Amino acid sequence: MIRFVAPCGVTTRNLKSMPPVRNRSGLLLCSILLWVGCDQSKPADDLPKENRPSASSLRDLGVGSGNATESAGSPTVARPAIIPVFEEVAEASGIRFQFDADIIPKRYYLPEIMGGGVGWLDYDLDGVLDLYAADGARLLEGQGPERESLDRLFRGRRVDGSSRFDDVTVGAAIREPNYGQGIAVGDYDADGFPDLFVANFGRNTLWRNQGDGSFVEVTTEALPGSGAIWSSSCLWTDVDGDGHLDLYVVNYLDVNPTNYRVCQYNGRDGYCGPGSYVGLQDEVWINRGDGTFENRAIELGFEKGNGKGLAIVSLDLDQDGRAEIYVANDMVANFLFSTRNPFASESASAGSDSGTTYVELGTLSGTAAGETGQPEASMGIASGDFDGDGWPELFLTHYHSHKNTLYRNRRGLLFTDDSKVTGIARISLPFLGFGTVAFDYDRDRDLDLMVTNGHVLGPDHPPELMRPQLLLNDGRGNYSDISDSAGSYFAGEYLGRSLASADYDDDGDLDFAVSHIHRPMALLRNGTATNAEGGATDWVGFDVRSPDRRSLVGSRLEVRCGSTTQVLYVAAGGSYLASPDPRLLAGLGGAPAEAPVEVTAFWNDGRQERWILSARGRYWRLEPGAEPVDLSVLPR
């Protein structure tokens, strides 16, 4: 029989009140509680509040989870009507890359277990997506072999109808030797060519696209005062509403060679969690319009010094045309920043309605923590209209045996934790999630989910490797795990980290680049057939852009075909350390073949436009004030 000890993070009184659990679950519970920052030498009652595990997670672990904690397999498996087909084609397509995590056995230096990011962009504007992969590096001088690990840029091209990639890093003049984390793609100087920001453990870097196939690093002059800390995810959006792209950089923990620790879990060494370190203030770099930026995070209302952030997304959560910014934090409250405070009186909220300052609404909105009010270990974010009511939800990945969380949008920036009623809690307990994307794999007009998984304690604490998950939406926002039907990649076990989505072969479905630790990057080509005609007519895609190159984040599209209306949100960020293909896709499965596709755009400047498209099975370029352009007829 396993003896639970209070220093693992709960008092003896709490343990006595818990339902009985089997021995294996007992070991697992002790590991969970230790990860959040305690050690066996520190009394539980002295632990900071942020270090205590979610009460809902403890209940789920002891009751109703069946064999969920016995292995890294899912407790719920369904066989879908449409079989998902994902083929791993990285090496065959020319992508040969493995993240250099710099893991040294028995060292347990936390950055080495968090992985690196992946981003999609069309850097040369040839109409074919390219792929950027952040690499690691040697973390501590004098430890491990000397080598130079560099980020890689893979240029996409078409060869006889197939997609191929070539490593063009040297030719593009990119030499990024830092320990790579998140990636953000955006045209900050409005010259028409996408630029790159790379967040690092250490010094961050900004690469300006020169428009001739090469980049130049401009960090020192463009981001004066940018230091060397641990940054994670990042995104470009117009924070202050002046028409220029600004940069939000999520910062994680103050970990360095002088303060890092090794923690014990059930008598074995492992990586210490976020509770052992101080969180860092995020940075908000405001574009001056002359190629330089100023960090105005505090002035604009983003002063939250203990965030411990890992993921970020920006989209319009309340349909007022102004994008919110949501930050997922690790074992402390998540942040929801808005320029409007619907919970304050009219006089009290007037200052935040100017569009130039933000108010933090995480707790008031219900998105700061889980249903019990306890912060969760948030890693990745997916967003979209999961239940088909037209309003966007938020989905967060969390720690092993702590449920993932689905926040249902109740309108007015109010959300409820619907993880249990939607099935998300039950099917996520055996996993530790990182990257995640919402997408309609079967084109049935609702959003399914993909999640990468893998533990963080170290190799002496099983389960370490975990299967990725594909979760099927039943059309009402309830989910089941169909990973067993998704092919050989989903049958494997990995330390999965970043997940970046893109329709890189332009066939109307989302493919995925996946970063791992100890394994090469995967490229999952989506070959799912979704109707009798081969899937050619049951989708429509949108390349949404502004002729003056301002950000359209905060806009939305209503797509009606037959009796169903889908709402697609123009967003930035999402997943974990990732930058996705910014185009939008709508599945049209089940709609009558003769039904027209009606699109209504609600632009973030308040304008509305409506069009009826003449064809499906292709991408359309949508610009404010212009007629849609059929991209299938344009030369590449």
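Residues numbered from 1 in each chain as written. Predicted model: local features only at pLDDT ≥ 70, side-chain atom pairs only at ≥ 80, totals over all residues. Heavy atoms only, no water.

Observations regarding the overall build of the protein chain
Reasoning step 1: The number of helices and strands found in the protein chain is eight helices and 40 strands.
Reasoning step 2: Excluding contacts between residues fewer than 6 apart, the proportion of contacts in the protein chain whose partners are at least 24 apart in sequence is 62%.
Reasoning step 3: Summed over its atoms, the accessible surface of the protein chain is roughly 22,700 Å², and 49% of this surface lies on carbon and sulfur atoms. (Helix = DSSP H or I, 4+ residues; strand = E, 2+ residues; numbered from the N terminus. Contact = heavy atoms within 4.5 Å. Areas by Shrake-Rupley, 256 points an atom, 1.4 Å probe, with all protein chains shown as cover.)

Regarding the nonpolar core
Reasoning step 1: Within the largest apolar cluster, 54 residues are counted, with the highest numbers of intra-cluster contacts made by Ile 95, Ile 113, Met 114, Trp 120, Leu 131, Trp 230 and Leu 523.
Reasoning step 2: Among the secondary structure elements, those contributing two or more residues to this core are strand E2 (118-121), strand E3 (130-133), strand E12 (262-265), strand E28 (495-502) and strand E29 (511-517).
Reasoning step 3: Among the elements that make up this core, the one with the highest residue count is E28 (three residues).
Reasoning step 4: Two domains share this core, each providing at least three of its residues, namely domain 1 (86-526) and domain 2 (540-630).
Reasoning step 5: When near neighbours in sequence (up to four residues on either side) are disregarded, Trp 230 contacts Leu 110, Pro 111, Met 114, Gln 181, Asn 200, Phe 201, Asn 251, Tyr 252, Leu 253, Val 255 and Leu 280.
Reasoning step 6: Val 570, Leu 584, Trp 603 and Ala 615 belong to the second largest nonpolar core, which has 23 residues in total. (Core = buried A, V, L, I, M, F, W, Y, C linked by side-chain atoms within 4.5 Å. Buried < 20%, exposed > 50% of the residue type's maximum accessible area, 1.4 Å probe, protein only. Domains from an automatic or database assignment.)

Some details on the packing of aromatic side chains
Each aromatic ring pair is specified by the distance between its two centres and by the angle formed by the two planes.
Reasoning step 1: Summed over all chains, the structure comprises 28 aromatic pairs.
Reasoning step 2: Ring geometry for Trp 120 versus Tyr 504: centroids 5.9 Å apart, planes at 5 degrees, classification stacked. Note that Trp 120 is positioned in strand E2 and Tyr 504 in the loop between E28 and E29, a separation of 384 residues in sequence. Tyr 504 matches Trp 120 in its accessibility class, with the two residues each being buried.
Reasoning step 3: Taken together, Phe 99, Tyr 109, Tyr 179, Phe 201, Trp 230, Tyr 252 and Tyr 260 form an aromatic cluster joined through their ring pairs.
Reasoning step 4: Against the face of Phe 602 rests Arg 556, its NZ or CZ located 4.1 Å from the ring centre.
Reasoning step 5: Looking at Arg 583, its charged tip hangs above the ring of Tyr 619, at a distance of 4.2 Å from the centre. (Phe/Tyr/Trp six-rings, centres within 6.5 Å; stacked < 30°, edge-to-face > 60°. Lys NZ or Arg CZ within 6 Å of the ring centre and 35° of its normal.)

Let's talk about the sheet that holds strand E35 (residues 578-579)
Reasoning step 1: Spatially, the five strands line up as an open sheet ordered E5-E4-E3-E2-E35, and their pairing is mixed. Strand pairing shows two members of the sheet lacking a second neighbour, strand E5 (162-167) and E35, which therefore form its edges.
Reasoning step 2: Relative to E35, E2 is paired through two bridges, and the arrangement is parallel. Across the sheet, Val 118 pairs through a bridge with Ala 578, a residue of E35. (Pairing = 2+ DSSP bridges.)

Focus: the state of the cysteines
Reasoning step 1: Taken as a whole, this structure holds one disulfide when the rule is applied.
Reasoning step 2: Two residues share a disulfide in this structure: Cys 263 and Cys 272, whose sulfurs sit 2.1 Å from each other. With the S-S dihedral at roughly 105 degrees, the linkage between Cys 263 and Cys 272 falls on the right-handed side. You'll find Cys 263 and Cys 272 in the same group, each marked buried. (Disulfide = S-S within 2.5 Å.)

Quick notes on the pairing of E3
Reasoning step 1: The alternating pattern of E3 places Asp 130 and Tyr 132 and Leu 131 and Ala 133 on opposite faces, both of which are buried.
Reasoning step 2: Relative to E3, E2 runs antiparallel, the two sharing four bridges. Bridging from a neighbouring strand, Leu 121 pairs with Asp 130 of E3.
Reasoning step 3: Where E3 meets strand E4 (residues 152-159), three bridges bridge the pair, whose relative direction is antiparallel. Residue Tyr 132 lies in a different strand from E4, and its bridge partner there is Leu 153.

What to know about the pattern of salt bridges
Reasoning step 1: Applying the stated criterion across every chain, the model contains 36 salt bridges.
Reasoning step 2: Between Arg 107 and Glu 112 there is a salt bridge, and its shortest N-O distance comes to 2.7 Å. Neither Arg 107 nor Glu 112 differs from the other in exposure class; each is buried.
Reasoning step 3: A salt bridge links Asp 320 to Arg 340; the nearest nitrogen and oxygen atoms lie 3.5 Å apart. Of the two residues, Asp 320 sits in the loop between strand E16 (309-315) and strand E17 (324-329) while Arg 340 sits in the loop between strand E18 (335-338) and helix H5 (346-349), which places them 20 residues apart along the sequence.
Reasoning step 4: Since its relative accessible area comes to 27%, Asp 320 is described here as partly exposed.
Reasoning step 5: Via salt bridges that share partners, Asp 100, Asp 102, Arg 107, Glu 112 and Arg 147 belong to a single interconnected network. (Salt bridge = Lys/Arg side-chain N within 4 Å of Asp/Glu carboxyl O.)

A closer look at the environment of Asp 187
Reasoning step 1: Looking at where Asp 187 falls in the secondary structure, it is placed in the loop between strand E6 (179-186) and strand E7 (195-203).
Reasoning step 2: The class for Asp 187 is buried, based on a relative accessible area of 15%.
Reasoning step 3: Setting aside its immediate chain neighbours within four residues, Asp 187 contacts Gly 192, Phe 193, Pro 194, Asp 195, Leu 245 and Arg 549.
Reasoning step 4: Reaching out from Asp 187, the side chain makes a polar contact with the backbone nitrogen of Gly 192 at a distance of 2.8 Å. (Polar contact = N/O pair within 3.5 Å; in protein donor to acceptor, adjacent residues only side chain to side chain.)

With respect to a nonpolar patch on the surface
Reasoning step 1: On the surface, Phe 343, Leu 364 and Leu 414 cluster together into a nonpolar patch covering about 260 Å² of accessible area.
Reasoning step 2: By relative accessible area, which is 33% here, Phe 343 ends up partly exposed. (Patch = residues over 30% accessible without salt bridge, like charges linked within 9 Å, V, L, I, M, F, W, Y side chains within 5 Å.)

Here we look at the environment of His 516
Reasoning step 1: Turning to its location among the elements, His 516 is positioned in strand E29.
Reasoning step 2: Between the alpha carbons of His 516 and Asp 100 there is a distance of 9.9 Å; along the sequence they are 416 residues apart.
Reasoning step 3: Of the polar contacts made by the side chain of His 516, one reaches the side chain of Tyr 489; its length is 2.7 Å.
Reasoning step 4: Within the local environment of His 516, its side chain forms a polar contact with the backbone oxygen of Pro 520, the two atoms lying 2.8 Å apart.

Focus on the side chain of Thr 452
Reasoning step 1: One can find Thr 452 in strand E25 (residues 448-453).
Reasoning step 2: At 2.7 Å, the side chain of Thr 452 and the backbone oxygen of Arg 497 are in polar contact.

A closer look at the confidence of the model for the protein chain
Reasoning step 1: Chain-level statistics for the protein chain give a pLDDT mean of 87 and a share of 85% at 70 or above.
Reasoning step 2: A low-confidence stretch, residues 1-73 (pLDDT under 50), is modelled with 141 contacts involving residues beyond four sequence positions or located in other chains.
Reasoning step 3: Here residues 350-354 scores under 50 on pLDDT; set against residues more than four positions off or in separate chains, the count is nine contacts. (pLDDT = per-residue confidence, 0-100.)

Here's the deal with the sheet that holds strand E20 (residues 381-384)
Reasoning step 1: With respect to topology, four strands assemble into an open sheet ordered E20-E21-E22-E23, the strand pairing being antiparallel. The open sheet has two free edges, formed respectively by E20 and strand E23 (415-417), since each of these has just one partner strand. Recorded for the sheet is a direction-independent mean angle of 20 degrees between the axes of neighbouring strands.
Reasoning step 2: Judged from the three bridges that link them, strand E22 (residues 405-409) and E23 form a sheet pairing that is antiparallel. Looking at the pairing, Tyr 407 lines up with Asp 417 of E23. (Axes fitted to C-alpha atoms, helices over the stretch in contact; angles between N-to-C directions.)

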